[in-house]
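# Examination of the molecular architecture
Letter by letter, the chains look like this.
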Amino acid sequence: MTRSLRGRTGGAQRADALFRALAAGCAVLILAVMAAFFVRLVLSAELSIRHFGWKFFATTNWDPNALEFGALSSIYGTLASTVIAMAIATPLSLAIALFLTEMAHPAVAKVAGNAIELLAAIPSIIFGMWGLFVFAPFMAAHVEPVLAKTWNAVPLLNLIPLFRGTPRGIDLLTSGVILALMVLPFISSVMRDVFLMVPAVVKESAYGMGATTWEVTRRVTVRYGVYGLVGACFLGLGRAIGETMAVTFVIGNSHRISASLLDPATSIASTLANEFAEASDPLYLSSLVQLGLVLFLIAFALQVVAHLWLKRVAKSMGTL
Amino acid sequence: MLKRLGVAAAGAAALCLCGAAAAQGKMVNGAGASFPFPIYSKWAHKYNGLTGVKVNYQSIGSGGGINAIKNKTVDFAGSDAPLTKDELDKAGLVQFPMVIGGVTLVVNVPGVQPGEMKLTPSLLADIFLGKITKWNDVNLAAANPGLKLPDLGISVVHRSDGSGTTWLFTNYLDRVSVEWHTKVGCEKSVKWPAGIGAKGNEGVAANVKTIRGAIGYVEYAYALENKMCYTQMRNRNGNFVQPTIEAFIAAAANADWKSAPGFYMVLTDQPGAQSWPITGASFILMQKERAAKDLETVQSALKFFDWCFAHGADMAKELHYVPMPENVVEIVKAYWANELTVGGAKVTP
């Protein structure tokens, strides 16, 4: 009896060790793939890095014919469209998540919650085509002229040329709005889950002290879940920054930087999608790979910043 | 009983192996330009039904096709922009034209019907250079007496992806406008001075259709199939012509293929009263020398091309392509006989 038990324990220990090694191997594999990815990108981009140096990040000139490449317009378009998307998606997602958890009837919350998750399952090419055929003409006809008129009628504001030029619907603004729609379901469903994890006891005690719904939301729910909320935003951000197909369809793919949101722009991902297939010159190809490297580094930097910031938030909130 | 079954199974397996080997010999792989893809795949489908030979053409873009044939991963490549004789010799390739197509200007201007607007080379260059920005510009009005042009901004739409269509279009502008030549030049993707970029012919077509005041360039078939508002162009002889199959044929007929080494021939801005000025051939690239074991594959490919030249004309016209004129086909066949070798020996279809 004791012998057989010992034998079993030994077998279980071996299995345990094996499982641990397997799990560790999987984790290391991810790191190895990331590292290999980075090294490969640097190696393929070497030609362009050597040829252009820092100028690559400082110029907007993208001329395949003269073989002169500058990434600034692509970087600008990537960041600007992401900022627009997050500026729209974050408050909306917060409102949706709060509505679903705090205010809506459970039956309504369930249906609406499922509908939002369904939105997340739509492939990005569908968003792109819908953007091109339906949403861009709508923006050009109804939204952008009104925005431009309102903005340019306000003194001082109209000195900032944010809404100048012909509203065509194919521009930075439209791509930002489409991106917002795409990341909205991700952010709001994670936020909803975060709110659902707030223990009912904590909320009830706040209500018991006579707090209103708004007070409970602001002082208890949001505070309790801030870690998860910021995490949800970064999840959306990560998705928005690398989105390719939907953006390519509506951003206008123009390697220029303009102050107006109504002008076409380009993003790193859409430039890659557009130009990779026909880039035959080694320097052209290398420059495109370097663009990919830049996107890789931006995404990486965002993750690092997110973690550092979350640590600070956690400290100041005293939750961790 | 079991034994007999085993023998039968082995026999069947052997038969399968033979079949696979035979099918492999009758498989021709190609890749490249997307512009001729519809007609190549139609020809391949029909030819497969008639002969059992499988011609597999992947539309991955001219650049990708050229790389593939240089790396010897395909039997032939398709390219919209011809390689020069030097480039061909350096890579050990041969090149011949397979089919002809045209690039059409399409506009979205309220009140203007298909074929009504007249454009001259300099007007076209100035529009795409961003120098003419309104449809009621005096120079545009002067070229279009009788046409009521609105006070509407011009939105230029160009391809955002590298493409043979862009190469052909910029090649034309490069030839007719000194300013375009110095500022932009001719390439598969260029630094556009103005406008918005859209992916693919379908992207340009969709953008032109939805943006009021837009002008773009698409392949002829797209303009027809999407019922778009195409324009007339003034050709080299000074005549305004409509984009039609006949106008593309006229441009090709006047070309002097015989004295073009490696068939390096760009059909833009060709002389002739009826010639459409933005016409171009799509080319096939093959390796000049193949090993003896590839004899069957090379012959299959040549037989297929030969069949396309002989029997593919109607199918091409159905899809709004122009088949190669007969005199050019003769030159191509002579070129095969002179240039292609398999295992050091000449090869014919």
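Please read all numbers here as calculations on a predicted model, not as lab measurements.

In terms of helices and strands, chain A carries 12 helices and two strands. Seen in sequence order, chain A has helices and strands lined up from the N terminus as α-α-β-β-α-α-α-α-α-α-α-α-α-α. With the principal axes as the frame, chain A shows a C-alpha extent of 80 × 55 × 35 Å. Each of the 320 residues in chain A was classed as buried or not, and the buried ones make up 41%. For chain A, the proportion of contacts with a sequence separation of at least 24, taken over those separated by at least 6, is 75%. Surface exposure of chain A reaches about 17,100 Å², of which carbon and sulfur atoms provide 72%. Positive and negative charge centroids in chain A, built from 22 and 16 side chains respectively, lie 14 Å apart.

Take the overall build of chain B next. Helix and strand content of chain B: 14 helices and 16 strands. In terms of principal-axis extent, the alpha carbons of chain B reach across some 90 × 50 × 35 Å. Counting over 349 residues, chain B shows a buried share of 56%. Summarising the internal contacts of chain B: among those between residues at least 6 apart in sequence, 74% fall at separations of at least 24. Carbon together with sulfur atoms contributes 53% to the accessible area of chain B, which is approximately 14,700 Å² in total.

We now examine the packing of aromatic side chains. Residues and elements named next belong to chain B. Enumeration according to the criterion identifies 32 aromatic pairs over all chains in this entry. The interplanar angle of 85° and the centroid separation of 5.0 Å between the aromatic rings of Tyr-40 and Tyr-57 together place this pair among those described as edge-to-face. Of this pair, Tyr-40 sits in helix H2 (residues 37–51) while Tyr-57 sits in strand S2 (residues 54–59), and the two are 17 residues apart along the sequence. For the residue pair Tyr-40 and Tyr-57, the accessibility class agrees, reading buried in each case. Arranged with centres 4.2 Å apart and planes meeting at 10°, the rings of Phe-169 and Tyr-217 form a pair that is stacked. With Phe-169 in helix H7 (residues 164–176) and Tyr-217 in strand S8 (residues 214–219), the pair connects residues that are 48 residues apart, well separated along the chain. Residues Phe-169 and Tyr-217 agree in their burial class; the two are buried. In textbook terms, an aromatic cluster arises when at least three aromatic residues are bridged by ring pairs, as seen for Phe-37, Tyr-40, Trp-43, Tyr-47, Tyr-57, Phe-76, Phe-96, Phe-304, Phe-305, Trp-307, Phe-309 and Trp-336. One residue, Lys-118, lies across the ring of Phe-240, its end atom 5.4 Å from the ring centre.

All names here are of chain B. Across the sheet, which stays open at both edges, the three strands sit in the order S5-S10-S11 with mixed pairing between neighbours. Of all strands in the sheet, those with a lone pairing partner are strand S5 (118–119) and strand S11 (240–241), marking the two edges. Summarising the sheet, strand S10 (residues 232–234) and S11 pair through two bridges and their orientation is antiparallel. When the bridges of S11 are listed, Arg-234 appears paired with Phe-240.

Residues and elements named next belong to chain A. Mapped onto the elements, Thr-60 comes out in the loop between helix H2 (55–58) and strand S1 (62–63). For Thr-60 and Gly-70, which are 10 residues apart along the polypeptide, the C-alpha to C-alpha distance reads 4.9 Å. Discounting chain neighbours no more than four positions away, the residues touching Thr-60 are Gly-70, Leu-72, Ser-73, His-255 and Ile-257.

Another aspect to go through is the domain arrangement of chain B. All names here are of chain B. The assigned domain composition of chain B is domain 1 (2–101 + 280–346) and domain 2 (103–255). Taking only C-alpha atoms into account, the centre of domain 1 sits 33 Å from that of domain 2. Listed as interface residues are 13 residues of domain 1 and, on the opposing side, 14 residues of domain 2. Counting each side, the surface lost to burial between domain 1 and domain 2 is near 1,200 Å², with a carbon and sulfur contribution of 76%. For the pair domain 1 and domain 2, the number of links is zero salt bridges. Ranked by residue count, the leading element in the side of domain 1 that touches domain 2 is helix H3 (residues 62–70), at three residues. By residue class, the composition of the side of domain 1 that touches domain 2 is eight nonpolar, four polar and one charged.

Look at helix H12 (residues 295–311) of chain B: 24 Å from first C-alpha to last across 17 residues, which is about the 24 Å you get at 1.5 Å a residue. Those residues of H12 of chain B that fall on the buried side of the exposure criterion are Thr-297, Val-298, Ser-300, Ala-301, Leu-302, Phe-304, Phe-305, Trp-307, Cys-308 and Phe-309 of chain B.

Moving on: the pattern of salt bridges. Residue and element names in this part refer to chain B. One pass over the structure, following the stated rule, counts 16 salt bridges over all chains. The shortest N-O distance in the salt bridge between Lys-134 and Asp-151 comes to 3.4 Å. Here Lys-134 is found in the loop between helix H5 (121–128) and helix H6 (138–143), whereas its partner Asp-151 is found in the loop between H6 and strand S6 (155–159), with 17 residues between them in sequence. Asp-151 gets classed as exposed once you look at its relative accessible area, which sits at 58%.

To continue, consider the sheet that holds strand S15 (residues 341–342) of chain B. Judged by pairing direction, the sheet is mixed, and its three strands sit side by side in the order S13-S15-S16 (chain B) without closing on themselves. Two strands lie at the open edges of the sheet, namely strand S13 (289–290) and strand S16 (345–346) of chain B, each paired on one side alone.

What follows covers the side chain of Thr-279 of chain B. Within the fold, Thr-279 of chain B resides in strand S12 (residues 279–287). Side-chain polar atoms of Thr-279 of chain B contact the backbone oxygen of Trp-276 of chain B, separated by 2.8 Å.

On to the interface of chain B and chain A. Chain B puts 32 residues into the contact, and the matching count from chain A is 23 residues. Buried surface at the junction of chain B and chain A, both sides included, amounts to about 2,000 Å², of which 49% is carbon and sulfur. Area buried by chain B at its contact with chain A is led by Lys-191, Ile-196 and Lys-199 of chain B, which between them contribute 24% of it. Taken together, chain B and chain A are joined by zero salt bridges. Between chain B and chain A we count 13 residue pairs in polar contact (both at pLDDT 80 or more) in total. Of all the secondary-structure elements, those providing two or more residues to the side of chain B that touches chain A are H3, S6, strand S7 (196–198) and helix H9 (200–210) of chain B. Class assignment of the residues belonging to the side of chain B that touches chain A gives a composition of 12 nonpolar, 15 polar and five charged.

Take the packing of H2 of chain B against H12 of chain B next. Residue and element names in this part refer to chain B. Closest axis-to-axis distance for the H2/H12 pair is 11 Å, and the angle between their directions is 105°. The pairing of H2 with H12 is recorded here as roughly perpendicular in orientation. Contact residues: H2 offers Tyr-40, Trp-43, Ala-44, Lys-46, Tyr-47 and Leu-50, while H12 offers Lys-303, Phe-304, Trp-307 and Cys-308.

A word on the pairing of S12 of chain B. All names here are of chain B. Counting buried residues along S12, nine of its nine residues qualify, which places the element largely inside the surrounding structure. Residues of S12 alternate between two faces, with Thr-279, Ala-281, Phe-283, Leu-285 and Gln-287 on one and Gly-280, Ser-282, Ile-284 and Met-286 on the opposite face, all of them buried. Where strand S3 (residues 76–79) meets S12, three bridges bridge the pair, whose relative direction is antiparallel. If you follow Gly-78 over to S12, its bridge partner there is Ile-284. For strand S4 (residues 93–108) and S12, the ladder comprises nine bridges, and the chain directions are antiparallel. Bridging from a neighbouring strand, Gln-95 pairs with Leu-285 of S12.

What counts, and at which threshold
Residues numbered from 1 in each chain as written. Chains lettered and ligands numbered in written order. Predicted model: local features only at pLDDT ≥ 70, side-chain atom pairs only at ≥ 80, totals over all residues. Heavy atoms only, no water. Helix = DSSP H or I, 4+ residues; strand = E, 2+ residues; numbered from the N terminus. Buried < 20%, exposed > 50% of the residue type's maximum accessible area, 1.4 Å probe, protein only. Contact = heavy atoms within 4.5 Å. Areas by Shrake-Rupley, 256 points an atom, 1.4 Å probe, with all protein chains shown as cover. Lys, Arg positive; Asp, Glu negative; His and termini not counted. Charge placed at Lys NZ, Arg CZ, Asp CG, Glu CD. Phe/Tyr/Trp six-rings, centres within 6.5 Å; stacked < 30°, edge-to-face > 60°. Lys NZ or Arg CZ within 6 Å of the ring centre and 35° of its normal. Pairing = 2+ DSSP bridges. Domains from an automatic or database assignment. Buried area = accessible area lost by both parts, 1.4 Å probe. Salt bridge = Lys/Arg side-chain N within 4 Å of Asp/Glu carboxyl O. Nonpolar A, V, L, I, M, F, W, Y, C, P; charged D, E, K, R; others polar. Expected span 1.5 Å × (residues − 1). Polar contact = N/O pair within 3.5 Å; in protein donor to acceptor, adjacent residues only side chain to side chain. Axes fitted to C-alpha atoms, helices over the stretch in contact; angles between N-to-C directions. Parallel < 35°, antiparallel > 145°, perpendicular 65-115°, else oblique.

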